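Residue-level listing of the chains:
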Amino acid sequence: ERRAVMAALDPETTMPTKENSDDRPSSDDPRALPAWLESRKRASLVLADGSVFHGFSFGHSESTTGEVVFNTGMVGYPESLTDPSYAGQILVITFPLIGNYGVPSEERDALGLLKHFESEKIHLK
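Residues numbered from 1 in each chain as written. Predicted model: local features only at pLDDT ≥ 70, side-chain atom pairs only at ≥ 80, totals over all residues. Heavy atoms only, no water.

Focus: the overall build of the protein
(1) Moving on: The secondary structure content of the protein amounts to two helices and five strands.
(2) Moving on: In sequence order, the protein lays out its α and β elements as β-α-β-β-β-α-β.
(3) Moving on: Taken over 125 residues, the protein has a buried fraction of 23%.
(4) Moving on: In the protein, the share of contacts with a sequence separation of at least 24, taken over all contacts with a separation of at least 6, comes to 56%.
(5) Moving on: Working note: accessible area of the protein is about 9100 Å², and carbon and sulfur atoms make up 55% of it. (Helix = DSSP H or I, 4+ residues; strand = E, 2+ residues; numbered from the N terminus. Buried < 20%, exposed > 50% of the residue type's maximum accessible area, 1.4 Å probe, protein only. Contact = heavy atoms within 4.5 Å. Areas by Shrake-Rupley, 256 points an atom, 1.4 Å probe, with all protein chains shown as cover.)

Points about the pattern of salt bridges
(1) Moving on: The final tally for this structure, using the stated rule, is three salt bridges.
(2) Moving on: Here R42 ties to E38 by a salt bridge, and the two come within 3.3 Å at their closest N and O atoms.
(3) Moving on: Given a relative accessible area of 57%, E38 falls into the exposed group.
(4) Moving on: The salt bridge involving E107 is made with K115; its shortest N-O contact spans 3.2 Å.
(5) Moving on: Judged by relative accessible area, E107 falls into the partly exposed class, the value being 37%.
(6) Moving on: Among the residues examined, K115 registers a relative accessible area of 47% and is labelled partly exposed. (Salt bridge = Lys/Arg side-chain N within 4 Å of Asp/Glu carboxyl O.)

What about the packing of aromatic side chains?
(1) Moving on: In total, this model carries zero aromatic pairs according to the counting rule given.
(2) Moving on: For R40, the ring lying beneath its charged end belongs to W36, and the centroid distance is 5.7 Å.
(3) Moving on: Here R40 stacks its cationic end above the ring of F56, 3.6 Å away from the centre of that ring. (Phe/Tyr/Trp six-rings, centres within 6.5 Å; stacked < 30°, edge-to-face > 60°. Lys NZ or Arg CZ within 6 Å of the ring centre and 35° of its normal.)

With respect to the pairing of strand 2 (residues 42–47)
In summary, the side chains of a regular strand alternate between the two faces of the sheet.
(1) Moving on: Of the strand pairs in this sheet, strand 2 and strand 3 (residues 52–56) are connected by five bridges, and their pairing is antiparallel. Bridge pairing in strand 3 links L45 to F53.
(2) Moving on: Between strand 2 and strand 3, which pair antiparallel one after the other, the connecting turn spans four residues, and G50 there sits at a positive phi close to 95 degrees. (Pairing = 2+ DSSP bridges.)

Things to note about a nonpolar patch on the surface
(1) Moving on: Together, M74, V75 and Y101 make up a nonpolar patch on the protein surface, roughly 360 Å² of accessible area in all.
(2) Moving on: The exposed category is assigned to M74, whose relative accessible area is 55%. (Patch = residues over 30% accessible without salt bridge, like charges linked within 9 Å, V, L, I, M, F, W, Y side chains within 5 Å.)

Side note on the confidence of the model for the protein
(1) Moving on: Looking at the protein as a whole, the pLDDT averages 77, with 77% of positions reaching at least 70.
(2) Moving on: Note that residues 7–21 has pLDDT below 50 and, in this model, 24 contacts with residues that lie over four places away or in other chains. (pLDDT = per-residue confidence, 0-100.)

With respect to the environment of A87
(1) Moving on: Topologically, A87 is positioned in the loop between helix 2 (77–81) and strand 5 (89–93).
(2) Moving on: It is 9.9 Å that separates the C-alpha atoms of A87 and E67, two residues lying 20 residues apart in sequence.

Structural notes on the side chain of H123
(1) Moving on: With respect to the secondary-structure elements, H123 resides in the segment after strand 5.
(2) Moving on: Polar side-chain contacts of H123 include one of 2.8 Å to the side chain of S119. (Polar contact = N/O pair within 3.5 Å; in protein donor to acceptor, adjacent residues only side chain to side chain.)

Observations concerning the side chain of S119
(1) Moving on: Within the element layout of this structure, S119 appears in the segment after strand 5.
(2) Moving on: Side-chain polar atoms of S119 contact the backbone oxygen of K121, separated by 3.1 Å.

Here it is in structure tokens:
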């Protein structure tokens, strides 16, 4: 079994809160985007074989371990995030535009099940 460790490199950077979770820059200030890009929390994905991949963290603000799995779908990320089969895993979504079309409503079907989600919560690490 291949395991990985997701470790934050810059613990001093604050994570988004409910109040500032969407504090992306407006298009009015040309300096805002570069400043926002530099303010993101840096993180690394460290694999068991010693490979290290640097990037940026969002969501979970602490280090964690788990099996790294990939989803190459162009749509369906809300279903992937709430799929119980991903429990305890670190999901890498490879399509670059994930999230650009929003999140579906919590509409339920005739049986009371969520129409657009696989379960009531996110199961990923």
